[in-house]
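Structure at a glance
Each chain, letter by letter, is given below.
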Amino acid sequence: MIAFNKYYNHFNVLSSALIIISLLLLVFKGLNFGIDFKGGTLIELRSNDSKINVSSLRDKFSQMNLGDVSVKKFGSDNDFLIKFENKDNKKNIIEEIKVNLDKSFGNSYDFRRVENVGPKVSTELLKSGVIAISLSLAIMLIYIWIRFEWQFSLGAILALFHDVIVTLGVFSLFSLEINLSIIAAVLTIVGYSMNDTVVIFDRVRENLRKYSDIKIFELTNISINETLSRTIITSATTLLALLAIYFFGGEILKGFSLAMILGVVFGTYSSIYIANTVLVRLRVSQKTVLREDDSK
Amino acid sequence: MLYFSKLRIVFITIFSLLFVLIASSNLFKFDDSFFDKKINLGLDLQGGSYLLLEIDNEPVIEQKLQNLTTTIRNFFKDKDIRINNIKIDNQNIFFNVSDDNKQQVIEIFEDENSEINPYYPRFKSHQLEIEDTGLNLKINFSRQGLINLKTSSQDQAIEIVRRRVDEVGTNEPNILKRGNSRILVELPGLDDPMRVKSLLGKTANLTFRFVTQNEDDRFGVEKLEFEDGTQEAVVSKRIIISGENLLDAQPKMDTQNNQTIVSFTLDRVGAKRFGKATSTGIGKQLAIVLDGKIISAPVVRDTIASGAGQISGGFTFQSATDLALLLRSGALPAPLEIIEERTVGPDLGQDSINAGMIALSIGFLLVIIFMFVKYRLFGLITNVTLVINLFILLGVLTLFEATLTLPGIAGIILTVGMAVDANVLIFERIKEELKDETNNILAFDGGYTKSRTAIIDANITTLLAAVILFFMGSGPVKGFAVTLGVGIFTTLFSVYFIARLFTSLYVAKNKNNGKLI
């Protein structure tokens, strides 16, 4: 049996530090919102001419008075991602750019993807993203509150907050782009992390009923160990699937799968080291679950 | 938990085979229409354009209020009530009446059978609200009045949008209402939406009006620019004919001077009016005005009584074709603005499909190898179940002709990774049971029973996340929510019926062979 409980305090300090650092990052550095949430224009361009490269594209675009233009390689050497804010919300901007590029490059390039999100839509998308995440946290809280005792719901929700905040903190630290698919990933993380916590909690509750003489400090450790191989196997297969998406699923899914990978790692960790320590700190005992059983 | 009746086994087999068959209709062609269904590919996979249009209702409201001032004036004139100082300000109409009449006017507006202010019994609201500000009377649209106005302009606009898109001839466009002032247009397979965009961006409000020098024309005048921006002309506000009078419009080649023109034919009312105007206005310039800009202003030389005419204005063949198309499909009730556009080229779509399939195969393979190494025989059972699960998932998506997007493929891969969870929970539990239980049947039965609450709780949490995502997400993300959510049900089915069936058959045969797992 691994003595997870020996490190409860150490990891609580670490988690608190991670959350504080993430919050500081989110407040002071902020998130790198993509055009979905900031508004603007995105063009994915594929060239079949070596004349077209990041610097020549940057030159051409900077001559077009589009404001701040970002040009980056996208996956392979002849794919580029161009983003700008389109502040004036010009209507025929894509056509104008095409005409301009045709002059210098002829037709040795191709727009593979064009996205244009107006300011109104991006504000709405951001709002509905925030609502979706808040709503999912609230619903998880209610669900676990119905299924378990309040001490358990508090532990599960703290673990969820930890996973969401630290994942976003990593995105902020490395200035990774937040777009619609990242919101989808965060929601899935919420579901997954909850899933992981529930399995351990289910065992904790079962053991609480079984043993009256074991303190919660020991009992959580027993429960974590009993469910450990399941935790490892499920995390492993989920990570295998996600790694396959990350490495082979194409550029568009990279951000999404990265967020999910982070979420699964943090989710597995927090189920053990946050959710359970809350139970210990709230001195959950056999009485907690038996009282609940009586009232039901 | 381990017992299966014969009937149940037959049912499970048929059910699974049915979905495998439905799923395979994506690869083969079936004659039967029930089986011949296919998963729809989202725009991000098949390529195409997604346009979100917003109707700018401000001009419509202004116009309605403008008309309303006339209506109010005439309505009360018949009742011998004088309306003074009527004006529009910030979407409100203000006017004065004498103090004796004030109450009567307010009552007329607030009467449920009011002739001038329609009452919507269903919403318990009038179209207009009236308020005595002390200085004057104020009228504005009620909340319900505004909603009705917006919905009706949306109804008109979607019809015109549909006609214009159909004229361009893309395959299976999808045109839907969003809220009460937006229209969603999905154009699968359309690589370059430039033409559709420019067609939808025009209101196509066509009027024929005389150019006038007389600044105090009875109907008022306005100064308008020519389309090429070189000249201006003063034009009367009196409309001779408008786009509504057109029966048809076609691009033509004028053989005399080799110019591209748009020829049109008018309906009876239009022909009559056009004939009258051209007979009295010989020598005058008739301006053809489209969306507030003059296309051309030819001099009237003859009376045109046939109801047919032509517009010239330095068109290219393409611009003449587009103008004819716009005129045929009619004017939009209000300008449209494209507030969101997402276009994916077909080759990127194909690349995404390929990448998705490779990721799915590799993810699947990794999970299968892992499970086999970890659990051997029971790993094999899990893997066979996983394959069937995948087919059932595809079968369900096919049956409902769901839309598969790139994030949707990611959802399927994720389902593969998470689907083994339930089986793992069960197998681990059985292992624990076998620690103090020598009877295999009892241990397996206990494993299934005791793991059930954890499995159900765990799956419900993921399902809740998927449901929220489905209702809050848009487009591709919705596709992810669908595959993730459906995946949970198919996983539970395959774990509790298929994997359990295999397990029970194996255990029944080998119950006396020591620890089985």
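Keep in mind that what you see is a predicted model, and the values were worked out from it rather than measured.

Quick look at the overall build of chain A now. If you tally the helices and strands in chain A, you get 10 helices and six strands. Computed over the C-alpha atoms, the radius of gyration of chain A is 24 Å, more than 25% above the 19 Å expected from 2.2 N^0.38 for a compact globule of 296 residues. For chain A, the C-alpha atoms occupy an extent of roughly 80 × 35 × 30 Å along the three principal directions. Considering chain A as a whole, with its 296 residues, one finds that 48% of them fall into the buried category. Considering only contacts within chain A whose residues lie at least 6 apart along the sequence, 78% involve residues at least 24 apart.

What follows concerns the overall build of chain B. Each helix and strand counted, chain B has 13 helices and 21 strands in total. Taking 2.2 N^0.38 as the reference for a compact globule, 517 residues should give roughly 24 Å; the C-alpha atoms of chain B span a radius of gyration of 35 Å, well beyond that estimate. Each of the three principal axes of chain B carries a C-alpha extent, and together these read 110 × 70 × 40 Å. Expressed as a percentage of the 517 residues in chain B, the buried residues total 41%. Within chain B, counting contacts between residues at least 6 apart in sequence, those at least 24 apart form 68% of the total.

Next up on the list: the sheet that holds strand β2 (residues 48-55) of chain B. Picture the strands of a sheet paired through backbone hydrogen bonds; they go either parallel or antiparallel. Across the sheet, eight strands lie side by side as β3(A)-β4(A)-β2(A)-β5(A)-β20(B)-β2(B)-β10(B)-β9(B); this open sheet has antiparallel pairing. The open sheet has two free edges, formed respectively by β3 (69-74) of chain A together with β9 (174-178) of chain B, since each of these has just one partner strand. Geometrically, the sheet is characterised by an average inter-axis angle of 20 degrees between neighbouring strands, direction not taken into account. Both strand β2 (residues 40-47) of chain A and strand β4 (residues 76-84) of chain A contribute to a ladder of six bridges, which runs antiparallel. Residue pairing in the sheet places Thr41 of chain A in a bridge with Phe84 of chain A of β4 of chain A. Running at roughly 155 degrees to β3 of chain A, helix α3 (residues 54-62) of chain A makes contact with β3 and β4 of chain A of the sheet.

In this section: the interface of chain B and chain A. Across the contact, 54 residues belong to chain B and 54 residues belong to chain A. Counting residues per element, the ones that place at least two in the side of chain B that touches chain A are β20 (336-344), α9 (346-375), α11 (406-436), α12 (440-472) and α13 (475-510) of chain B. When grouped by side-chain class, the residues that make up the side of chain B that touches chain A number 33 nonpolar, 11 polar and 10 charged. Note: strand β5 (residues 109-117) of chain A against β20 of chain B, five bridges, orientation antiparallel. Paired with Glu115 of chain A across the bridge in β20 of chain B is Arg342 of chain B.

Residues and elements named next belong to chain B. Sheet topology note: the strand β12 (residues 221-226)/strand β18 (residues 293-296) ladder contains two bridges and is parallel. Following the sheet pairing, Glu225 is matched in β18 by Lys293. In this sheet, β18 lies alongside strand β17 (residues 286-290) in antiparallel orientation, the contact comprising three bridges. Opposite Leu290, over in β18, you have Lys293 as the bridge partner. Where β17 hands over to β18, the hairpin turn is made up of two residues, of which Asp291 adopts a positive phi near 50 degrees.

Another point: the sheet that holds strand β3 (residues 84-89) of chain B. Residues and elements named next belong to chain B. If you trace the four strands from one edge of the open sheet to the other, you get β3-β4-β8-β7, paired in antiparallel fashion. Both edges of this open sheet fall to β3 and β7 (128-132), since each of them pairs with a single strand only. Each adjacent strand pair in this sheet contributes to an overall mean axis angle of 20 degrees, direction not counted. Note: β7 against strand β8 (residues 137-141), five bridges, orientation antiparallel. When the sheet's bridge partners are listed, Ile130 is paired in β8 with Ile139. Across the face of the sheet, helix α3 (residues 58-78) comes into contact with β3 and β4 (92-96) while running at roughly 165 degrees to β3. Strands in contact with helix α4 (residues 99-110) are β7 and β8; relative to β7, the strand with the most contacts, it is inclined by about 160 degrees.

Judged by nonpolar contacts, the single largest core of 201 residues is most densely connected at Ile413 and Leu469 of chain B. When near neighbours in sequence (up to four residues on either side) are disregarded, Leu469 of chain B contacts Ala132, Ala184 and Leu187 of chain A together with Val477, Phe480 and Ala481 of chain B. Core analysis: the second largest hydrophobic core is formed by eight residues, Ile72, Leu137, Ile139 and Phe141 of chain B among them.

Residue and element names in this part refer to chain B. The interhelical angle for the contact between helix α10 (residues 377-399) and α13, taken along N-to-C directions, is 140 degrees, at an axis separation of 9 Å. Comparing their axes, α13 and α10 come out oblique. When you trace α10 past α13, the crossing you get is right-handed. Residue-level inspection shows Ile381, Thr382, Val384, Thr385, Ile388, Asn389, Ile392, Leu393, Val396 and Leu397 of α10 in contact with α13, the latter providing Val486, Gly487, Thr490, Thr491, Phe493, Ser494, Val495, Ile498, Ala499, Phe502 and Thr503.

Moving on, we get to helix α5 (residues 119-147) of chain A. The end-to-end C-alpha separation of α5 of chain A is 42 Å, in line with the 42 Å expected for 29 residues at 1.5 Å each. Considered for burial, the residues of α5 of chain A that qualify are Val121, Ser122, Leu125, Gly129, Ala132, Ser136, Met140 and Ile144 of chain A.

Relative to β4 of chain B, β3 of chain B is paired through four bridges, and the arrangement is antiparallel. Bridging from a neighbouring strand, Asp89 of chain B pairs with Asn92 of chain B of β4 of chain B.

Residue and element names in this part refer to chain B. It is the contact of α9 with α11, at a shortest axis distance of 8 Å, that shows an interaxial angle of 10 degrees. With respect to each other, α9 and α11 are oriented roughly parallel. Of α11, the residues touching α9 (which contributes Ser352, Gly356, Ala359, Leu360, Gly363, Phe364, Val367, Met371 and Tyr375) are Leu406, Ile409, Ile412, Ile413, Val416, Gly417, Val420 and Phe427. Here the contact of α9 with α11 is composed, by residue class, of 13 nonpolar, four polar and no charged.

On to the domain arrangement of chain A. Once the domains are mapped, chain A shows domain 1 (4-34 + 121-295) and domain 2 (40-117). Of note, the centres of domain 1 of chain A and domain 2 of chain A, computed from C-alpha atoms alone, are 40 Å apart.

Moving on, we get to unusual backbone geometry. Residue and element names in this part refer to chain B. Located in the positive-phi region is Asp80, a residue other than glycine, with phi close to 60 degrees. Positionally, Asp80 belongs in the loop between α3 and β3. Phi at Asn85 takes a positive value of approximately 50 degrees, unusual for a residue other than glycine. Here Asn85 shows up in strand β3.

Before going further, it helps to examine helix α6 (residues 150-173) of chain A. Spanning 24 residues, α6 of chain A covers 34 Å between terminal C-alpha atoms, matching the ideal 34 Å at 1.5 Å per step. Positive phi shows up at Ser175 of chain A, right after α6 of chain A, with a value of about 50 degrees.

Per-residue confidence for chain A averages 91 on the pLDDT scale, and 98% of its residues sit at or above 70. Mean pLDDT in chain A bottoms out at helix α10 (residues 286-295) of chain A, which sits at 71, and peaks at helix α1 (residues 8-29) of chain A, which reaches 96.

Here we take up the environment of Ile282 of chain B. Residue and element names in this part refer to chain B. Note on placement: Ile282 falls in the loop between α7 (268-280) and β17. Sequence separation between Ile282 and Phe372 is 90 residues, and the spatial gap between their C-alpha atoms is 92 Å. What Ile282 contacts, discounting residues up to four positions off in sequence, is Val300 and Arg301.

All names here are of chain A. Structurally, Asp68 is set in the loop between α3 and β3. Take Asp68: there are 10 C-beta atoms within 10 Å of it, and that puts it in the exposed class. A C-alpha to C-alpha distance of 23 Å links Asp68 and Leu26, two positions 42 residues apart in sequence. Ignoring any residue separated from it by four or fewer positions in sequence, one finds Asp68 in contact with Phe84 and Glu85.

About the thresholds
- Residues numbered from 1 in each chain as written.
- Chains lettered and ligands numbered in written order.
- Predicted model: local features only at pLDDT ≥ 70, side-chain atom pairs only at ≥ 80, totals over all residues.
- Helix = DSSP H or I, 4+ residues; strand = E, 2+ residues; numbered from the N terminus.
- Rg over C-alpha atoms; globule rule 2.2 N^0.38 Å.
- Buried ≥ 20, exposed ≤ 12 C-beta atoms within 10 Å, placed from the backbone.
- Contact = placed C-beta atoms within 7 Å.
- Pairing = 2+ DSSP bridges.
- Axes fitted to C-alpha atoms, helices over the stretch in contact; angles between N-to-C directions.
- Nonpolar A, V, L, I, M, F, W, Y, C, P; charged D, E, K, R; others polar.
- Core = buried A, V, L, I, M, F, W, Y, C linked by C-beta atoms within 7 Å.
- Parallel < 35°, antiparallel > 145°, perpendicular 65-115°, else oblique.
- Left-handed = near helix turned anticlockwise from the far one by under 90°.
- Expected span 1.5 Å × (residues − 1).
- Domains from an automatic or database assignment.
- pLDDT = per-residue confidence, 0-100.

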